[in-house]
Each structure stands twice: as C-alpha cells, then as structure tokens.
Amino acid sequence: MEIIEYAPKFKDDFIKFNTDRSIDNFGFLVNEDTETFSHIEEALTNGAMIYFAVKDGTALA
C-alpha cells in the first residue's frame, strides 16, 4: 500500500468515501459537501490537500 496525493482518477472514490462517512456519522449529506465535491480541483488549487491509501491501483481510503 502507498499513500499518494489526489489524482483525478480517484475523484469518484473521494466522493464515495466522504458521502459514506457523512451518512454513517450524521445520517445525511449537507449541501456544502456536494458543493465541495463539485469543486475539488479548485479547492486543491487554493491549498486543500487530499491523500489516498492505494493498493494495486485501488483507492482504499
């Protein structure tokens, strides 16, 4: 397993991981989350950081 910085090919995984986490913990997804999902690359340009744990080409976390 390796830790990598955000890669566009894992965008859907990022959205799924965070959607599942929000729903599991809070029971719902807030509008701000969906707004963030729509502007991931912009957030990264403005200093946000996203990392993935990847094994054999599959994002695990």
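Keep in mind that what you see is a predicted model, and the values were worked out from it rather than measured.

Time to look at the overall build of the protein. Within the protein, the secondary structure is distributed over three helices and three strands. In sequence order, the secondary structure elements of the protein are arranged as β-α-α-α-β-β. Dimensions along the principal axes, computed over C-alpha positions, put the protein at roughly 30 × 25 × 15 Å. Counting over 61 residues, the protein shows a buried share of 23%. Counting contacts in the protein only where the partners sit at least 6 residues apart, residues at least 24 apart contribute 68% of the total. Here the protein holds 5 positive side-chain charges and 12 negative ones, and the gap between their average locations is 6 Å.

Another point: the pattern of salt bridges. In the structure shown here, the tally under the stated rule is two salt bridges. With its nearest N and O atoms 3.7 Å apart, the salt bridge here joins Glu41 to Lys11. A residue pair is termed long-range when its members are at least 10 positions apart, and Glu41 in helix H3 (residues 40-45) and Lys11 in helix H1 (residues 11-26) qualify at 30 residues. On the basis of relative accessibility, which here comes to 25%, the residue Lys11 falls in the partly exposed class. The partner of Lys16 in a salt bridge is Asp20, with the nearest N and O atoms 2.6 Å apart. Of this pair, Lys16 and Asp20 both sit in helix H1, four residues apart, which is roughly one turn of the helix. We classify Lys16 as partly exposed; its relative accessible area is 47%. A relative accessible area of 32% places Asp20 in the partly exposed class.

Turning our attention to the packing of aromatic side chains. On inspection of all chains with the given rule, the structure shows three aromatic pairs. When the centroid spacing of 6.2 Å and the interplanar angle of 35° are considered together, the rings of Tyr6 and Phe52 count as tilted. Pair noted here: Tyr6 is in the loop between strand E1 (2-5) and H1 and Phe52 is in strand E2 (residues 51-55), with a separation of 46 residues, a long-range link. Here the aromatic rings of Phe14 and Phe37 are separated by 6.2 Å at their centres, their planes lie at 85°, and the arrangement is edge-to-face. Linking Phe14 in helix H1 with Phe37 in helix H2 (residues 31-38), this pair joins segments that are 23 residues apart in sequence. When sorted by exposure, Phe14 lands in the same class as Phe37, which is buried. An aromatic cluster is defined as three or more aromatic residues linked by ring pairs; in this entry it consists of Tyr6, Phe10 and Phe52.

Definitions and cut-offs
- In this numbering scheme, every chain counts its residues from 1 along its sequence in written order.
- Totals for whole chains, interfaces and linings use all residues, but because this is a predicted model, local features are given only for residues with pLDDT of at least 70 and pairs of side-chain atoms are given and counted only at 80 or more.
- Excluded from the side-chain calculation are hydrogens and water; included are all heavy atoms of the structure.
- Secondary structure follows DSSP: runs of H or I at least 4 residues long count as helices, runs of E at least 2 residues long count as strands, and numbering of each begins at the N terminus.
- Whether a residue is buried, partly exposed or exposed follows from its accessible area with a 1.4 Å probe, protein chains only, as a fraction of its type maximum: under 20%, in between, or over 50%, in that order.
- Residue contacts are counted whenever heavy atoms from the two residues lie within 4.5 Å of one another.
- For the purpose of counting charges, residues Lys and Arg are taken to be positive, whereas Asp and Glu are taken to be negative. His and the chain ends are not included.
- For the purpose of locating charges, the reference atoms are NZ of Lys, CZ of Arg, CG of Asp and CD of Glu.
- Salt bridge, as applied in this entry: a Lys or Arg side-chain nitrogen positioned within 4 Å of an Asp or Glu carboxyl oxygen.
- For Phe, Tyr and Trp, rings pair up if their centres lie within 6.5 Å, where Trp contributes its six-membered ring, and each pair is then called stacked (planes under 30 degrees apart), edge-to-face (over 60) or tilted (otherwise).

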